[in-house]
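Working through the structure, step by step
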Amino acid sequence: MESGTTSNNFLRTLIAEDLKSRKVTQIVTRFPPEPNGYLHIGHAKSISVNFGLAEEFGGICRLRFDDTNPEKESQEFIESIQADVAWLGYSWEGPVRFASSYFDTLYRWAEHLVEQGKAYVDDLSPDEAREYRGTLTEPGRNSPYRERSVDENLDLLRRMRAGEFADGERVLRAKIDMAHPNMNMRDPILYRIRKAHHHQTGDAWPIYPTYDFAHGQEDAIEGVTHSICTLEFEDHRPLYEWFIANLPVESQPRQYEFGRLNTSYTVTSKRKLKQLVDESVVASWDDPRMPTIAGMRRRGYTPAAIRHFCEMVGTSRSDGVVDVAMLEHAIRDDLNQNAPRAMCVLNPLKLTLRNVTEAHPAIVAPAHPSKPELGERELPFSNTLYIDADDFREEANKKFKRLVLGKRVRLRNAYVIEAVGVEKDAAGEIVGVVADLIEGTLGNDPEDGIKPKGVIHWVEAGSAVKATIRLYDRLFTDPAPDRGGADFMTLLNPEALRVVEGALVEPGAAAAGAEIRFQFEREGYFVADRFDHRHDAPVFNQTIGLRDVWADKA
RNA sequence: UGGGGUGUCGCCAAGCGGCAAGGCACCAGGUUUUGAUCCUGGCAUUCGGAGGUUCGAAUCCUCCCACCCCAGCCA
């Protein structure tokens, strides 16, 4: 974590107080995803809050799947979620937990509530139930089944559990107050009949508890001290507390809410993300353009950068939209410090050095300009190189700090050269540049005092490896694609992906393993694709470009 | 016209009665074999608004305004 730059937030203050007052001796948190989709940047925030707080205060954090709705869940997600959390660098305490492993206890507690006269079986259909619930401004009405006897309720509940009724035929509801101003307190549903196969419990249950009846009790069973969730659950807190107060639970967890993380230029709703995949706007859930954790991983984002970003954004109770530039900054900051440098020419233009022999000894260059501990690399060198076509012009004004005919430029990590000629094809297109190498300029300025205009990158023709480079940009052109107004699908950035097939990378980079990151100097940060990269056919994904103040002026 | 929240610089965000941290973005310089990095400086006389309490308020009180969430047998 950054030295002393982390600011305080209400959760840290709260936990520090709870620890100081001995209200708790060790904090216990949990990250409780429902295994019904891929994790995204918003979940990364929640993971960072829960695991981060536990880590910071010497507590523990567990991973618990809130799998109370089998129809939407699957083993695939259980696995991807674990992989994502682990990749972010967090380890949960003990085994992975499942709400479904508490189904017996939860059911027993349901019977307990019935016995106490605090829950009843309702025969209202979903439509009728909605009608009886009232509206935001009108109180609801009691269900005609609300006053059934304890015995009848118990019998009905047991028969629900035994599978005697059809899906949707009855539900178990808490008997609270149908006129309560908080809709969640208007006799909330505890169990619904769903004869669905569950990925963990198989066909053992024809009824499943709702989120409200399960979550707080799961927390209590696990000894969670601080149950941290997002703001939209705030209205559920009275209910969360009602269950904890009315059930013989073994501990008293408390719920706290924070504002969910939103970033500009991105969408995170499951529905929208799915639409992007289904309509082939992106290739998959882990497409580098996706804000999913798997997508960011494939894009080359680092766990450390994502964690740092979550920390720098802070945790509060206000909802806002964080500028995605902040995330990009965190990525650049990490990669600038840690990614070894390499050279890759995206748009090759042949450069012939007329005064160099074919067999020039390789040049040794540092892997990182300011971190000698990252070692060195060998750059083959000869009389035939490739530079980027954008780095050469026959004529240019003084602002053009690259190679100009008749002028000098430094080849990064190598010599200063001077362009002396241009080769063109029949159509008049430039197909090559001829230059002279200025002797004695390896590590030194030219002796004649005529300094080069700038520095450009290059690769040696015989050793460079042809590579596929995938250049990425933000998926949307609008800062708020999620905001009502226009359909988000009309705000897609057509240039979010540009594939460059004929790029040339220095041999050392081509030889790197999958997921190895580099800064291709003057181009940006790149990662060897996790799945497609091969030494003889390299595939690099651009993680993020270098900051470029010149771009605005050009 | 119900309930629950939130409003501090363009964007996040500290602050909790003593006179506005920090980060991102942006602007201006300097260094530089990456038009990168790095370094220096600038960037809220003001805290949604109006009243009030106080020697003193972003912080306390009152009223008002704006925005977000809630009427799934989703989480």
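Each value, and the rule that gives it
- Residue numbers run consecutively from 1 along every chain, following the written order of its sequence.
- The lettering of chains begins at A and the numbering of ligands begins at 1, in the order of writing.
- Whole-chain, interface and lining totals are the exception, using all residues; otherwise, since this is a predicted model, local features are given only for residues with pLDDT of at least 70 and side-chain atom pairs are given and counted only at 80 or more.
- Hydrogens are left out, water is left out, and the side-chain values use all remaining heavy atoms of the structure.
- Any residue with a heavy atom lying within 4 Å of a molecule or strand is counted as near it.
- What qualifies as a polar contact is a pair of N or O atoms within 3.5 Å, subject to a donor-acceptor requirement within protein and to the restriction that residues adjacent in sequence count only when both atoms come from side chains.
- Should DSSP find at least two bridges between two strands, the strands are taken to pair.
- Secondary structure counts use DSSP, requiring at least four H or I residues in a row for a helix and at least two E residues in a row for a strand, with both numbered from the N terminus.
- When checking whether two residues touch, look at their non-hydrogen atoms; a contact exists if any pair is within 4.5 Å.
- Geometry is summarised by axes, namely lines fitted to C-alpha atoms with helices restricted to the contacting stretch, and by angles between N-to-C directions that run from 0 to 180 degrees.
- Here a pair means two rings of Phe, Tyr or Trp (six-membered ring of Trp) with centres within 6.5 Å. Their orientation is stacked below 30 degrees between planes, edge-to-face above 60, and tilted elsewhere.
- Three exposure classes are used, based on accessible area relative to the maximum for each residue type with a 1.4 Å probe and protein chains only: buried under 20%, partly exposed in between, and exposed over 50%.
- Scored between 0 and 100, pLDDT is the confidence that the predictor attaches to each residue.
- Between Lys or Arg on one side and Asp or Glu on the other, a salt bridge is scored when a side-chain nitrogen of the former is within 4 Å of a carboxyl oxygen of the latter.
- The patches described consist of residues with a relative accessible area above 30% and no salt bridge, like charges being joined within 9 Å and nonpolar side chains (Val, Leu, Ile, Met, Phe, Trp, Tyr) within 5 Å.
- With residues, only the protein chains shown are counted as cover, and all accessible areas are computed by Shrake-Rupley using a 1.4 Å probe.
- All tallies of charge rest on Lys and Arg as positive and Asp and Glu as negative; His and the ends of each chain are not included.
- Think of each charge as sitting on NZ of Lys, CZ of Arg, CG of Asp or CD of Glu.
- In what follows, a disulfide is any cysteine sulfur pair within 2.5 Å.
- Helix span, as expected, comes to 1.5 Å for every residue beyond the first.
- Directions drawn from the helix axis to the C-beta atoms are what define this arc.

Moving on, we get to the protein's contact with RNA strand B. Around RNA strand B, the surrounding shell holds 66 residues, and the nearest of these are Arg 194, Ser 316, Arg 341, Arg 412 and Gln 519. Across the atoms of RNA strand B situated within 4 Å of the protein, the share located in sugar and phosphate is 65%. One of the side-chain nitrogen or oxygen atoms of Arg 192 is found 2.9 Å away from a phosphate oxygen of RNA strand B. At a separation of 3.1 Å, a base oxygen of RNA strand B approaches a polar backbone atom of Arg 522.

Here we come to the sheet that holds strand E24 (residues 497-505). Within a beta sheet, neighbouring strands are joined by backbone hydrogen bonds and run either parallel or antiparallel to one another. Strand order in this open sheet of seven strands is E10-E25-E26-E27-E23-E24-E11, and the pairing throughout is mixed. Each of the sheet's edge strands pairs with one partner strand only, and the pair in question is strand E10 (341-342) and strand E11 (344-345). Here four bridges tie strand E26 (residues 524-528) to strand E27 (residues 539-544), and the two strands are oriented antiparallel to one another. Note that in E27 the partner of Phe 526 across the bridge is Gln 542. Across the face of the sheet, helix H12 (residues 324-338) comes into contact with E10, strand E25 (517-520), E26 and E27 while running at roughly 120° to E27.

This brings us to the packing of aromatic side chains. With the rule as written, the count across this model stands at 19 aromatic pairs. A ring pair is formed by Tyr 107 and Trp 205, whose centres lie 5.9 Å apart and whose planes are at 55°; its orientation type is tilted. Of this pair, Tyr 107 sits in helix H4 (residues 103-115) while Trp 205 sits in the loop between strand E6 (189-193) and strand E7 (207-209); the two residues are 98 residues apart in sequence, bridging distant segments of the chain. Take Tyr 107 and Trp 205: they sit in the same class, and that class is buried.

This next bit is on the sheet that holds E7. What the four strands build is an open sheet, ordered E4-E5-E6-E7; its pairing is antiparallel. Edge positions in the open sheet fall to strand E4 (119-122) and E7, since each of these has one partner strand only. Taken pair by pair, the neighbouring strands of this sheet meet at an average axis angle of 20°, ignoring direction. Sheet topology note: the E4/strand E5 (residues 171-174) ladder contains four bridges and is antiparallel. Across the sheet, Ala 119 pairs through a bridge with Ala 174, a residue of E5. Along the sheet face, H4 touches E4, E5, E6 and E7 and points at about 115° away from the line of E6.

Here the focus is the confidence of the model for chain A. Summarising the model, chain A shows a mean pLDDT of 96, and 99% of its residues fall at 70 or more. Per-residue pLDDT, averaged within each element of chain A, yields its smallest value for helix H14 (residues 549-553) (77) and its largest for E26 (99). For this predicted complex, the interface score ipTM comes out at 0.97, while the overall pTM is 0.97.

This next bit is on the side chain of His 215. Looking at the element boundaries, His 215 is found in helix H7 (residues 211-222). At 2.6 Å, the side chain of His 215 forms a polar contact with the side chain of Arg 30.

When the charged atoms of two side chains lie near each other, side chains of opposite charge can form a pair. Per the stated rule, a full pass over the model turns up 49 salt bridges. Its salt-bridge partner being Arg 148, residue Asp 123 comes within 2.4 Å of it at the nearest N-O pair. One end of the pair, Asp 123, is in the loop between E4 and helix H5 (126-133); the other, Arg 148, is in the loop between H5 and helix H6 (150-161), and 25 residues separate them in sequence. Residue Arg 148 is classed as buried on the basis of its relative accessible area of 13%. For Arg 412, the salt bridge identified is with Glu 521, shortest N-O distance 2.6 Å. Pair noted here: Arg 412 is in the loop between strand E18 (408-411) and strand E19 (416-424) and Glu 521 is in the loop between E25 and E26, with a separation of 109 residues, a long-range link. According to the relative accessible area criterion, Arg 412 is partly exposed, its value standing at 27%. Bridged by salt links that share partners, the residues Arg 30, Arg 64, Glu 218, Asp 219 and Glu 222 form one connected network.

A separate point is a positive patch on the surface. Where like charges cluster on the molecular surface, the positive patch consists of Lys 398, Lys 401, Lys 407 and Lys 453. Structurally, Lys 407 can be placed in the loop between strand E17 (403-404) and E18. Look at Lys 407 and you get partly exposed, because its relative accessible area is 44%.

Further remarks concern the state of the cysteines. As used in these notes, a disulfide is a covalent bond between sulfur atoms, one from each of two cysteines. In total, this model carries zero disulfides according to the counting rule given. Residue Cys 61 stays outside any disulfide, its sulfur separated by 14 Å from that of Cys 310, the closest cysteine. Between Cys 229, a free cysteine, and Cys 61, which holds the nearest cysteine sulfur, the sulfur-to-sulfur gap is 14 Å. With a relative accessible area of 10%, Cys 229 lands in the buried category.

This paragraph deals with H6. End to end, H6 covers 16 Å across twelve residues, agreeing with the expected 16 Å (1.5 Å per residue, within 8%). Considered for burial, the residues of H6 that qualify are Asn 153, Leu 154, Leu 156, Leu 157 and Met 160. Around the axis of H6, the buried residues are gathered within 165° of arc, so they sit on the same side. Elements in contact with the buried residues of H6: H4, E4, E5, E6 and E7. Gly 163 occupies a position one or two residues after H6 and carries a positive phi of about 85°.

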